[in-house]
Amino acid sequence: MRARELGRKSVVVGDRVGLVGDTSGAAGALARIVRIAERRSVLRRTADDDETTAEGRLERVVVANADQLVIVSALADPPPRTGFIDRCLVAAYDAGIEPLLCLTKADLASPEQVLGYYAELELPYVLVRPDSDLDALRALLAGRVSVMVGHSGVGKSTLVNRLVPDAARAVGTVSAIGRGRHTSTSAVALRLPAAAGTDDDPGWIVDTPGVRSFGLAHVSAESLLHGFPDLVEATADCPPNCAHTAEEADCALDAWVAAGRADPRRLASYRRLLASRSGEGDPREPERNPGDPLAGS
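Residues numbered from 1 in each chain as written. Predicted model: local features only at pLDDT ≥ 70, side-chain atom pairs only at ≥ 80, totals over all residues. Heavy atoms only, no water.

**Brief notes about the overall build of the protein**
Right, on to step 1. Broken down by element type, the protein carries nine helices and 10 strands.
Right, on to step 2. Out of the 297 residues belonging to the protein, those deemed buried represent 46%.
Right, on to step 3. In the protein, 66% of the contacts between residues at least 6 apart in sequence involve partners at least 24 apart.
Right, on to step 4. Of the accessible surface of the protein, which amounts to about 14,900 Å², a share of 49% is contributed by carbon and sulfur atoms. (Helix = DSSP H or I, 4+ residues; strand = E, 2+ residues; numbered from the N terminus. Buried < 20%, exposed > 50% of the residue type's maximum accessible area, 1.4 Å probe, protein only. Contact = heavy atoms within 4.5 Å. Areas by Shrake-Rupley, 256 points an atom, 1.4 Å probe, with all protein chains shown as cover.)

Structure follows, in structure tokens:
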């Protein structure tokens, strides 16, 4: 229960709170939340990119006090969507949370294309196969609170069940058109099992429902660029108040990409996000560029 004096202040997964009452955890025990500690980090998303819309003004707090955002993406069935990964990276950097790319179904396809797309970012990643032992992933999760996000069908709930065998998170299948069905319906924090013979903190994971989009209306245009660190340096040569769109004749980003200093797909993704903030395009539907199997949100 939440104390009346907290008013409309919401409590979210990851919050550190003060309790009064019976905190034994026994059946029928009742305690009240009377204090919510200041949050170290807040990961947010919106339903829309345009802050002038009702959906764009509605912020959803995904988790509080997370140290790491684990972006779970399948390499096949469904195919990877770098547009969605880019959105998650923007949200992570904006929240001050370290990102980790977790590529599942590595037995079905090579990670070369996806990793090549992010080569300039030095983005930490881990590959997961059905028969992998998950030791590398557990090492990256140890001692941290990690929130896991991903499209439905990428194997996130299956991965959670392998990490925490008692979690019993529902799993589903991928439809014939390559989209996953939603299985997890609520965010839940799970303590990772401790390694045998050690007292080291194994960490926590927060499993979240599968999402189709990660709206960024809460992120300023300036912070949006920080989600593309491979492009930031180029903007030093832009004219004052440059909007960095394709219509800006003197925008230095085009010359930067033409000189081979950044992947042109990264610039295209950044400008798609800028356009979506202006109400152009629908962040809920994947975008495709002809000949680019990795494009899309």
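Moving on from the model shown.
**Here we look at the environment of T245**
Right, on to step 1. Note that T245 resides in the loop between α7 (229-232) and α8 (252-258).
Right, on to step 2. C-alpha of T245 to C-alpha of R271: the two residues are 26 residues apart in sequence and 6.1 Å apart in space.
Right, on to step 3. Once residues lying within four places of it in the same chain are set aside, the contact partners of T245 are C251, R271 and L274.

**Overview of the nonpolar core**
Right, on to step 1. Counting 48 residues, the largest nonpolar core has L43, L69, Y118, V147, F214, L231 and Y270 as the members making the most contacts within it.
Right, on to step 2. Filtering out sequence-adjacent residues up to four positions away, V147 remains in contact with L43, V62, V63, A66, Q68, L69, V70, V206 and T208.
Right, on to step 3. Counting 20 residues, the second largest nonpolar core, distinct from the first, contains V70, V72, V128 and V160. (Core = buried A, V, L, I, M, F, W, Y, C linked by side-chain atoms within 4.5 Å.)

**Looking at the environment of V211**
Right, on to step 1. Note on placement: V211 falls in the loop between β10 (204-207) and α6 (221-226).
Right, on to step 2. Sequence separation of V211 and F84 is 127 residues, and the distance between their C-alpha atoms is 9.8 Å.

**Some details on a nonpolar patch on the surface**
Right, on to step 1. On the surface, a nonpolar cluster with roughly 210 Å² of combined accessible area is contributed by V11, V17 and L19.
Right, on to step 2. Looking at the secondary structure, you find L19 in strand β1 (residues 17-21).
Right, on to step 3. For L19, a relative accessible area of 46% puts it in the partly exposed group. (Patch = residues over 30% accessible without salt bridge, like charges linked within 9 Å, V, L, I, M, F, W, Y side chains within 5 Å. Salt bridge = Lys/Arg side-chain N within 4 Å of Asp/Glu carboxyl O.)

**Section: the packing of aromatic side chains**
Right, on to step 1. One pass over the full model with this rule turns up two aromatic pairs.
Right, on to step 2. With a centroid separation of 5.4 Å and an interplanar angle of 55°, the aromatic rings of F228 and Y270 are classed as tilted. With F228 in the loop between α6 and α7 and Y270 in helix α9 (residues 264-277), this pair connects stretches of sequence that are 42 residues apart. (Phe/Tyr/Trp six-rings, centres within 6.5 Å; stacked < 30°, edge-to-face > 60°.)

**Overview of helix α2 (residues 82-95)**
Right, on to step 1. Here α2 spans 20 Å end to end across 14 residues, near enough to the 20 Å set by a 1.5 Å rise per residue.
Right, on to step 2. The buried count for α2 comes to 12 of 14 residues, which makes it a mostly enclosed element.
Right, on to step 3. The complete set of buried residues in α2 reads T82, G83, F84, I85, D86, R87, C88, L89, V90, A91, A92 and A95.
Right, on to step 4. Looking one or two residues past α2, G96 carries a phi angle of roughly 75°, positive in sign. (Expected span 1.5 Å × (residues − 1).)

**Regarding the sheet that holds strand β7 (residues 125-127)**
Right, on to step 1. Taking strand neighbours across the sheet as the criterion, the six strands line up as β7-β6-β5-β8-β10-β9 in an open arrangement whose pairing is mixed. Taken across any chain shown, the strands that pair with only one partner, and hence form the sheet edges, are β7 and β9 (188-191). Adjacent strand axes in the sheet meet at a mean angle of 25° when their direction is disregarded.
Right, on to step 2. Bridge count for strand β6 (residues 98-104) against β7 is three bridges, and the pairing is parallel. (Pairing = 2+ DSSP bridges. Axes fitted to C-alpha atoms, helices over the stretch in contact; angles between N-to-C directions.)

**Let's talk about unusual backbone geometry**
Right, on to step 1. Omega for the bond connecting D77 with P78 falls within 30 degrees of zero, at 5°, which places this linkage in the cis form.
Right, on to step 2. When you line up the elements, P78 lands in the loop between β5 (68-74) and α2.
Right, on to step 3. The phi dihedral of N65 is positive, around 65°, even though this residue is not glycine.
Right, on to step 4. By secondary structure assignment, the location of N65 is in the loop between β4 (59-64) and β5.
Right, on to step 5. Residue classification places N65 among the buried positions, given a relative accessible area of 5%.
Right, on to step 6. With phi around 55°, E122 is a residue other than glycine that occupies positive phi space.
Right, on to step 7. Along the chain, E122 turns up in the loop between α3 (112-117) and β7.

**A word on the environment of G203**
Right, on to step 1. Turning to its location among the elements, G203 is positioned in the loop between β9 and β10.
Right, on to step 2. Along the sequence, G203 and S146 sit 57 residues apart, while their C-alpha atoms lie 7.8 Å from each other.
Right, on to step 3. Once you skip the residues sitting within four places of it in the chain, G203 turns out to touch L141, A142, G143, R144, L190, R191 and L192.

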